[in-house]
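This is what each chain is made of:
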Amino acid sequence: AQKVTQAQTEISVVEKEDVTLDCVYETRDTTYYLFWYKQPPSGELVFLIRRNSFDEQNEISGRYSWNFQKSTSSFNFTITASQVVDSAVYFCALSEADSGTYKYIFGTGTRLKVLA
Amino acid sequence: NAGVTQTPKFQVLKTGQSMTLQCAQDMNHEYMSWYRQDPGMGLRLIHYSVGAGITDQGEVPNGYNVSRSTTEDFPLRLLSAAPSQTSVYFCASSSLRDRGYTEAFFGQGTRLTVV
């Protein structure tokens, strides 16, 4: 069954520290897509990245980087040199493609607090 | 470009009342969905649709009804509101690409309180 687990409920770091948010997923499909979203205190949901199951290359975008490992079913998100503006709830999501259902399932989220 | 428009932003209902949350997108997206967000529970899928005339249940469908008569609109109906349905509701849409869905575009959310 399709499932996304974000075991870290809340993380607090001091500004400029690096922080990694964990995401572990379950799926029987061979084709699937993984996503990360950010929800700042204002409440809107902001897309960060989309990755398909055939592309295990790590990705870097500024201070953000993502590590996708199919062997451990993980898609972890690292923020380097964190800033107060990074304080938000971060969601990992999974969308399966083989089964034809195309459901978009989210994890429970990780609340990141970056302290000045 | 309006994206996903969700109304209302806030709503207070009495137990037993019914209401419809509206969701419209102008991006010609195939996939539309409704989520509810509760503290510590993340975003849970209520219902979704992969095209006009096609809907299916998500993780928490009980007490909710949907229909998709057009590509643009995907209303969510609460049949008989209960306090357990107090939540923040998000509508989202996505497009198919490479056999999978693109990133989801979200509405602004509806904060619903059932008293």
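Predicted, not measured: the structure shown is a model, and the values here were computed from it. In every chain, residue numbers begin from 1 and rise along the written sequence. Chains carry letters and ligands carry numbers; both start at the beginning, A for chains and 1 for ligands, and go up in the order they are written. Whole-chain, interface and lining totals are the exception, using all residues; otherwise, since this is a predicted model, local features are given only for residues with pLDDT of at least 70 and side-chain atom pairs are given and counted only at 80 or more. Just so you know, side-chain values use all the structure's heavy atoms and leave hydrogens and water out.

Give me the state of the cysteines: which residues, what numbers.
Residues and elements named next belong to chain A. Disulfides are defined in this document as cysteine sulfur pairs within 2.5 Å. Considering all chains together, one arrives at 2 disulfides over all chains under this definition. Each disulfide pairs two cysteine sulfurs, and for C23 the partner residue is C92, the sulfurs being separated by 2.0 Å. Taking the torsion about the S-S bond as the criterion, the C23 to C92 disulfide, at about -65°, is left-handed. You can see C23 sitting in the loop between β3 (19-21) and β4 (24-26) and its partner C92 sitting in strand β10 (residues 88-96), a full 69 residues away along the chain. By definition, any uninterrupted DSSP run of H or I lasting at least four residues is a helix, any uninterrupted run of E lasting at least two residues is a strand, and each is numbered from the N terminus.

Outline the side chain of Q6(B), listing residues and values.
All names here are of chain B. Positionally, Q6 belongs in strand β1 (residues 4-7). Throughout this description, a polar contact denotes any pair of N or O atoms lying within 3.5 Å of each other; where both atoms belong to protein, one of them has to be capable of donating a hydrogen while the other can accept it, and for residues adjacent in sequence the pair is counted only when both atoms sit in side chains. Only 3.1 Å separates the side chain of Q6 from the backbone nitrogen of C91, close enough to count as a polar contact. Working rule for contacts: check all heavy atoms of both residues, and any pair within 4.5 Å makes them a contact. Once residues lying within four places of it in the same chain are set aside, the contact partners of Q6 are Q22, W34, Y89, F90, C91, G107, Q108, G109 and T110.

Which residues make up the pattern of salt bridges, and what values go with them?
Salt bridges, as used here, are contacts in which a Lys or Arg side-chain nitrogen is within 4 Å of a carboxyl oxygen on Asp or Glu. Scanning the entire structure with this criterion turns up 6 salt bridges over all chains. One salt bridge in this structure joins R51(A) and E59(A), with 2.3 Å as the shortest N-O distance. In this structure E59(A) comes out as partly exposed when scored by relative accessible area, which is 31%. Measuring nitrogen to oxygen at the nearest pair gives 2.8 Å for the salt bridge that ties D38(B) to R36(B). For the pair D38(B) and R36(B), a shared accessibility class is recorded, and that class is buried. Connected through salt bridges with shared partners, the residues R51(A), D55(A) and E59(A) form a single ionic network. To sort residues, take the accessible area from a 1.4 Å probe on protein chains only and compare it with the maximum for the residue type: under 20% means buried, over 50% means exposed, and anything in between is partly exposed.

Pulling in residues and values, what's your account of the pairing of strand β3 (residues 19-25) of chain B?
Residue and element names in this part refer to chain B. Residues M19, L21, C23 and Q25 point to one face of β3 and are all buried, whereas T20, Q22 and A24, pointing to the other face, are not buried. Think of it this way: DSSP has to see at least two bridges between two strands before they count as a pair. Pairing of β1 with β3 involves 4 bridges; the strand directions are antiparallel. Of the residues in β3, the one forming a bridge with T5 is A24. Summarising the sheet, β3 and strand β8 (residues 76-78) pair through 3 bridges and their orientation is antiparallel. Looking at the pairing, M19 lines up with L78 of β8.

Go over unusual backbone geometry, please, and point to the residues and values.
In this model, T7(B) is joined to P8(B) through a cis peptide bond whose omega is -5°. Considering the arrangement of structural elements, one finds P8(B) in the loop between β1 and β2 (10-13). Unusually for a residue other than glycine, K16(A) sits at a positive phi of about 85°. Looking at where K16(A) falls in the secondary structure, it is placed in the loop between β2 (10-14) and β3. Residue K16(A) is classed as exposed on the basis of its relative accessible area of 69%. The phi dihedral of A81(A) falls on the positive side, at around 50°, and the residue is not glycine. Relative to the helices and strands, A81(A) is located in the loop between β9 (74-79) and β10. Owing to a relative accessible area of 30%, A81(A) belongs among the partly exposed residues under this scheme.

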